[in-house]
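# Coordinate analysis (summary)
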Amino acid sequence: MTERHDVQALSDLDVHVYEAVAAQSVGSGGGSAGLDGVVRASGLTEEEVRASLGKLVEQGYVVPFGSGYGLGPHTFEVEY
């Protein structure tokens, strides 16, 4: 995906889930972030995380990776 993402278009909840995916991915050595780990890391309900992941995947911020999720191509940095 070569289009530029507008991170400002994401809701606070979506940014929070994205950051949880990033933290879990890095914590697993660059692997995938499982749903349970993202729910725990975000402190959100599974339903909220699933809905947000659906949006993030649709927009290319997050990609299915193995049995979980990984980061898609991005043009911004996340600090955590």
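Residues numbered from 1 in each chain as written. Predicted model: local features only at pLDDT ≥ 70, side-chain atom pairs only at ≥ 80, totals over all residues. Heavy atoms only, no water.

### Topic: the nonpolar core
Core analysis: the largest hydrophobic core is formed by 15 residues, its most contacted members being Val17, Val21, Val38, Val49, Leu53, Leu56 and Val62. Secondary structure elements with two or more residues in this core: α1 (12-27), α2 (35-42) and α3 (46-58). Ranked by the residues each element gives to this core, the list is headed by α1, at four residues. With residues up to four places along the chain from it excluded, the contact list for Val21 reads Ala33, Val38, Leu53, Val62, Tyr69, Gly70 and Leu71. (Core = buried A, V, L, I, M, F, W, Y, C linked by side-chain atoms within 4.5 Å. Buried < 20%, exposed > 50% of the residue type's maximum accessible area, 1.4 Å probe, protein only. Helix = DSSP H or I, 4+ residues; strand = E, 2+ residues; numbered from the N terminus. Contact = heavy atoms within 4.5 Å.)

### Things to note about α2
Of the residues making up α2, those classed as buried are Leu35, Gly37, Val38, Val39 and Ser42. The positive-phi residue at the C-terminal boundary of α2 is Gly43, with phi of around 75°.

### A few points about the side chain of Ser52
Topologically, Ser52 is positioned in helix α3. Ignoring sequence-local partners within four residues, the contact set of Ser52 consists of Leu13, Asp14 and Val17.

### Quick word on the packing of aromatic side chains
Taken as a whole, this structure holds one aromatic pair when the rule is applied. Arranged with centres 6.4 Å apart and planes meeting at 85°, the rings of Tyr18 and Tyr61 form a pair that is edge-to-face. Of the two residues, Tyr18 is situated in helix α1 and Tyr61 in the loop between α3 and β1 (62-65); the sequence distance between them amounts to 43 residues. (Phe/Tyr/Trp six-rings, centres within 6.5 Å; stacked < 30°, edge-to-face > 60°.)

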